[in-house]
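Observations on the model geometry
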Amino acid sequence: MPLDAIAADIGKTLETRSFTGSLKFDCGEAGVIVLADGTASTTNRDTDCTLRISEENLVKLLTGKLNPMTGVMMGKLKVSGDLSVAMGLAKLLG
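What this report covers is the structure whose coordinates are included nearby. Keep in mind the model is a prediction, meaning the values are calculated, not measured. (Residues numbered from 1 in each chain as written. Predicted model: local features only at pLDDT ≥ 70, side-chain atom pairs only at ≥ 80, totals over all residues. Heavy atoms only, no water.)

This brings us to the environment of Leu92. Position of Leu92 among the secondary structure elements: in helix α4 (residues 83-93). Using a relative accessible area of 3% as the deciding quantity, one classes Leu92 as buried. Put simply, Leu92 and Thr20 are 72 residues apart on the chain and 9.8 Å apart in space, counted from C-alpha to C-alpha. When residues no more than four places from it in sequence are discounted, the contact partners of Leu92 are Ile10, Thr13, Leu14, Arg17, Phe19 and Leu35. (Helix = DSSP H or I, 4+ residues; strand = E, 2+ residues; numbered from the N terminus. Buried < 20%, exposed > 50% of the residue type's maximum accessible area, 1.4 Å probe, protein only. Contact = heavy atoms within 4.5 Å.)

Attention now moves to unusual backbone geometry. Non-glycine residue Asp37 carries a positive phi angle of around 55°. Note on placement: Asp37 falls in the loop between β2 (32-36) and β3 (39-41).

Axis angle and axis distance: for two packed helices, these are the angle between their axes and the distance between the axes, and together they describe the pair. Running from N to C, helix α1 (residues 3-14) and helix α2 (residues 55-62) point in directions that differ by 20°, and their axes come no closer than 12 Å. By the angle class used here, α1 and α2 are roughly parallel. At the point where α1 passes α2, the crossing takes the left-handed sense. Together, Leu3, Ile6 and Ile10 of α1 and Glu55, Leu58, Val59 and Leu62 of α2 make up the contact between the two elements. Among the residues making up the contact of α1 with α2, the classes are represented as 6 nonpolar, no polar and 1 charged. (Axes fitted to C-alpha atoms, helices over the stretch in contact; angles between N-to-C directions. Parallel < 35°, antiparallel > 145°, perpendicular 65-115°, else oblique. Left-handed = near helix turned anticlockwise from the far one by under 90°. Nonpolar A, V, L, I, M, F, W, Y, C, P; charged D, E, K, R; others polar.)

A separate point is the sheet that holds β2. Here we have 5 strands laid out as an open sheet, ordered β3-β2-β1-β4-β5, and mixed in their pairing. Each edge of the open sheet is held by one strand with a lone partner, namely β3 and β5 (77-81). On average, adjacent strands in this sheet sit at an angle of 15° to one another, irrespective of strand direction. As defined by bridge partners, strand β1 (residues 23-26) adjoins β2 across 4 bridges and the pair is classed as antiparallel. Note that in β2 the partner of Asp26 across the bridge is Val32. Sheet strands touched by α2: β1, β2 and β4 (49-53). Its angle to β4, the strand with the most contacts, is close to 115°. Running at roughly 70° to β4, α4 makes contact with β1, β2, β4 and β5 of the sheet. (Pairing = 2+ DSSP bridges.)

Right, dumping it as structure tokens:
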């Protein structure tokens, strides 16, 4: 699934759920998805928190097939920056 399609799906979720702070899914060469100011885009910018994850594992994370804590412990997900912003992601995905 292309990152722009994933960003569009997240954008629809942001219309009904709030997310505080800014977060970037960094998928390496595939690109980024930035959640900020109530939107989701594929335009790279500085954020409060960055999650480094493969595109494949991002889809698993967003569909509930990859537990965030398990992903961190297995090295499939790396978190840097403000961890409270990353914790807020659970509310958005829940």
